[in-house]
Every structure is written in structure tokens, then in C-alpha cells.
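What follows is the residue order along each chain.
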Amino acid sequence: MIADLIFYKENYGGDTKIPVASFSLWEKRAEAQLFNITAGKTEGKDDECIKMCICEMAELLYEHSKTQGIESENNDGYSVHYQNRDIKEALIKIADTYLSKTDYLYRGVDNEG
């Protein structure tokens, strides 16, 4: 676990949306998404920007799971409207926000190795 519950509550701060009991689950899912977006470059890293990114991704994944993509619903005439937002695109945008000034998003060839 890169971003633990203490970091989430004390450093990420604000109005934490994820319940304490399920934070670990959403943190792991966010960490896996970030691993895929960065092609594994964040594995084993302990940077604050990575932790902040994971916390925001975890909240997005948690919120999306609660609504299951439903934006609004009306049972009077049964009408359901789904979000047009692609979750993967939103996760990439979060990663870009926190990691744009790092090499974690670089997809080119590393000539140093």
C-alpha cells in the first residue's frame, strides 16, 4: 500500500469521501490503475505526488462505484441518465495533474539503463 489511511486522512485532507473500512480496497484499485497508466514506473515509489494521485483516484473510483455511472434517475416515468465521462480518461487526467512534472508518465526509451 503506497498511500495509507493516515496519509489519506491527514495529508490528502479535506472531506474524505471513502469510509475507513473500505479505504484499503479503493487504494489498491487506484494503485493498480496508476501502475497501468505509468507502465509500472510508480511501483515501490514513495513520493508524495504519487500518494496524492492515488488518493484522488481512489475517491473517483469509489464515487463511480456508488453511482454505477448513473448521473440522474427519475422513477415517475422511469428515466435514467448515465454519465458520458469515461472513467479511464478521468484517471489519466488525475495522473497528469499530479505527475506531469515527473518522469513517471514518460513512455519513451530510457537510454540510461
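Before going into details, it helps to say that this report is about the structure given with it. Think of each chain on its own: its residues are numbered from 1, step by step along the sequence as written. Two thresholds apply to this predicted model, a pLDDT of at least 70 for residue-level local features and 80 or more for giving and counting side-chain atom pairs, whereas whole-chain, interface and lining totals are computed over all residues. The basis for every side-chain value is the complete set of heavy atoms in the structure, and neither hydrogens nor water enter the calculation.

**Comments concerning the overall build of the protein**
Okay, so step 1: Within the protein, the secondary structure is distributed over four helices and two strands.
Okay, so step 2: Where helices and strands are cited, they refer to DSSP runs of H or I of at least four residues and of E of at least two residues respectively, numbered from the N terminus. Tracing the protein from N to C terminus, the helices and strands come up as α-α-α-β-β-α.
Okay, so step 3: In the protein, which comprises 113 residues, the proportion classed as buried is 32%.
Okay, so step 4: Long-range contacts, defined here as pairs at least 24 residues apart, represent 68% of the contacts in the protein between residues at least 6 apart.
Okay, so step 5: Accessible areas in this description were obtained via Shrake-Rupley with a 1.4 Å probe; residue shielding takes into account the shown protein chains only. Total accessible area on the protein is roughly 7500 Å²; 45% of this is exposed by carbon and sulfur atoms. Throughout this description, buried means an accessible area under 20% of the type-specific maximum (1.4 Å probe, protein chains only), exposed means over 50%, and partly exposed covers the range between. Here, two residues are considered to be in contact whenever any of their heavy atoms come within 4.5 Å of each other.

**What about the packing of aromatic side chains?**
Okay, so step 1: Only Phe, Tyr and Trp rings take part, Trp by its six-membered ring, and two of them pair if their centres are within 6.5 Å. Stacked means planes under 30 degrees apart, edge-to-face means over 60, and tilted covers everything else. This model, assessed by the stated rule, comprises three aromatic pairs.
Okay, so step 2: Ring centres of Tyr-8 and Tyr-12 lie 5.7 Å apart, and the angle between their planes is 15°; on these two criteria the pair is classed as stacked. Residue Tyr-8 and its partner Tyr-12 are both found in helix α1 (residues 5-12); the two are separated by four residues, about one turn of the helix. The pair formed by Tyr-8 and Tyr-12 is uniform in burial state, with each residue classed as buried.
Okay, so step 3: Plain terms: the ring middles of Tyr-8 and Phe-23 are 4.6 Å apart, the flat faces sit at 25° to each other, and that makes the pair stacked. Taken together, the residues Tyr-8 in helix α1 and Phe-23 in helix α2 (residues 23-37) connect sequence positions 15 residues apart. Grouping residues by exposure puts Tyr-8 and Phe-23 together as buried.
Okay, so step 4: The cationic tip of Arg-29 hangs over the ring face of Trp-26; the distance from NZ or CZ to the ring centre is 4.7 Å. For a lysine, the NZ atom is tested; for an arginine, the CZ atom; a charge sits over a ring if that atom is within 6 Å of the ring centre and within 35 degrees of the ring normal.

**Here's the deal with the packing of α2 against helix α3 (residues 48-67)**
Okay, so step 1: In this analysis, axes come from line fits to C-alpha atoms, helices being fitted only over the stretch in contact, and the angle between any two N-to-C directions falls in the range 0 to 180 degrees. In the contact formed by α2 and α3, the axes pass within 8 Å of each other and the chain directions differ by 115°. In this structure, α2 meets α3 at a crossing whose hand is right-handed. Seen from α2, the contacting residues are Trp-26, Glu-27, Arg-29, Ala-30, Glu-31, Gln-33, Leu-34 and Ile-37; seen from α3, they are Ile-50, Cys-53, Ile-54, Met-57, Ala-58, Leu-61, Tyr-62 and Ser-65. It is the rotation of the near helix from the far one that decides the hand of a crossing: anticlockwise by less than a right angle makes it left-handed, clockwise makes it right-handed.

**Some words on the pattern of salt bridges**
Okay, so step 1: We count a salt bridge whenever a side-chain nitrogen from Lys or Arg sits within 4 Å of a carboxyl oxygen from Asp or Glu. Tallying each qualifying case throughout the model produces two salt bridges.
Okay, so step 2: Of the charged contacts, one joins Asp-46 and Lys-51 as a salt bridge, the two residues approaching to 3.1 Å between their closest N and O atoms.
Okay, so step 3: Linking Lys-66 and Glu-63 is a salt bridge whose minimum nitrogen-to-oxygen distance equals 3.7 Å. Here Lys-66 and its partner Glu-63 are both found in helix α3, three residues apart, which amounts to about one turn of the helix.
Okay, so step 4: You can call Glu-63 partly exposed: its relative accessible area is 28%.

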